[in-house]
Amino acid sequence: MFNLTGFQRDLLYAISSQTKPSGQEIKEILERDVEEVRHGRLYPNLDTLVEHDYVEKGQLDRRTNYYEITEEGRQLLHERREWENERVEFLS
């Protein structure tokens, strides 16, 4: 469950918030919400998520791929959120 980097978890959250986003759309989400993202960092990390079956990669057209979180990826985020909730006390 904890073999991902924080950036890879951010990618999973960004992907899960959209319907089949392209790499460019994922990059824009992260840059809007988190930090600047370079292509040299983005695509190798997306490939890692695909290799671990957390994300499915498909083709929109000849130049554009889409990414979709898998059930295993959703489960990973769910387990991580439960783990975080057990360790963080939320103030009312």
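Procedures and definitions
- Residues numbered from 1 in each chain as written.
- Predicted model: local features only at pLDDT ≥ 70, side-chain atom pairs only at ≥ 80, totals over all residues.
- Heavy atoms only, no water.
- Axes fitted to C-alpha atoms, helices over the stretch in contact; angles between N-to-C directions.
- Helix = DSSP H or I, 4+ residues; strand = E, 2+ residues; numbered from the N terminus.
- Left-handed = near helix turned anticlockwise from the far one by under 90°.
- Contact = heavy atoms within 4.5 Å.
- Nonpolar A, V, L, I, M, F, W, Y, C, P; charged D, E, K, R; others polar.
- Pairing = 2+ DSSP bridges.
- pLDDT = per-residue confidence, 0-100.
- Core = buried A, V, L, I, M, F, W, Y, C linked by side-chain atoms within 4.5 Å.
- Buried < 20%, exposed > 50% of the residue type's maximum accessible area, 1.4 Å probe, protein only.
- Expected span 1.5 Å × (residues − 1).
- Arc of directions from axis to C-beta.

> How do you make sense of the packing of helix 2 (residues 23-33) against helix 3 (residues 39-51) when you look at a structure like this?
Relative placement of two packed helices is described by the angle separating their axes and the distance separating the axes. In the contact formed by helix 2 and helix 3, the axes pass within 11 Å of each other and the chain directions differ by 115°. Crossing hand, helix 2 versus helix 3: right-handed. Contact with helix 2, carried on its side by Gly23, Gln24, Ile26 and Lys27, involves His39, Leu42, Tyr43 and Leu46 of helix 3 and no other residues of that element. The residue inventory of the contact of helix 2 with helix 3, partitioned by class, reads 4 nonpolar, 3 polar and 1 charged.

> Explain the pairing of strand 2 (residues 65-69) here, please?
Working note: regular strand, side chains alternate between the two faces of the sheet. Direction of pairing for strand 1 (residues 55-59) relative to strand 2: antiparallel, over a ladder of 5 bridges. Within the sheet, the bridge partner assigned to Lys57 lies in strand 2 and is Tyr67. Counting the residues in the hairpin turn of strand 1 and strand 2 gives 5 residues.

> What exactly am I supposed to notice about the confidence of the model for the protein chain here?
Residues shown with low pLDDT carry predicted positions that ought not to be read at fine detail. In the predicted model, the protein chain carries a mean pLDDT of 92, and 96% of its residues have values of at least 70. Per-element averaging of pLDDT across the protein chain places helix 4 (residues 71-87) at the bottom with 92 and strand 2 at the top with 97.

> Is there a simple way to explain the nonpolar core in this structure?
Proteins that are soluble and globular tend to have nonpolar side chains buried together. Judged by nonpolar contacts, the single largest core of 19 residues is most densely connected at Leu11, Leu12 and Ile26. Where this core is concerned, the elements lending two or more residues are helix 1 (6-16), helix 2, helix 3, strand 2 and helix 4. If one sorts the elements of this core by residue count, helix 1 sits on top with 5 residues.

> Would you mind going over helix 3 with me for this structure?
Spacing of three or four residues puts side chains on the same side of an α-helix, whose turn is 3.6 residues. The end-to-end C-alpha distance of helix 3 is 18 Å, a good match for the 18 Å that 13 residues give at a rise of 1.5 Å each. Of all the positions in helix 3, only Leu42, Asn45, Leu46 and Leu49 are classed as buried. Down the axis of helix 3, the sector holding all buried residues measures 105°, keeping them to one side. Exposed residues pointing more than 90 degrees away from the buried face of helix 3 are listed as Gly40 and Glu51. The elements touched by buried residues of helix 3 are helix 1, helix 2, strand 1 and strand 2. Asp53 lies just past helix 3 and shows a positive phi near 65°.

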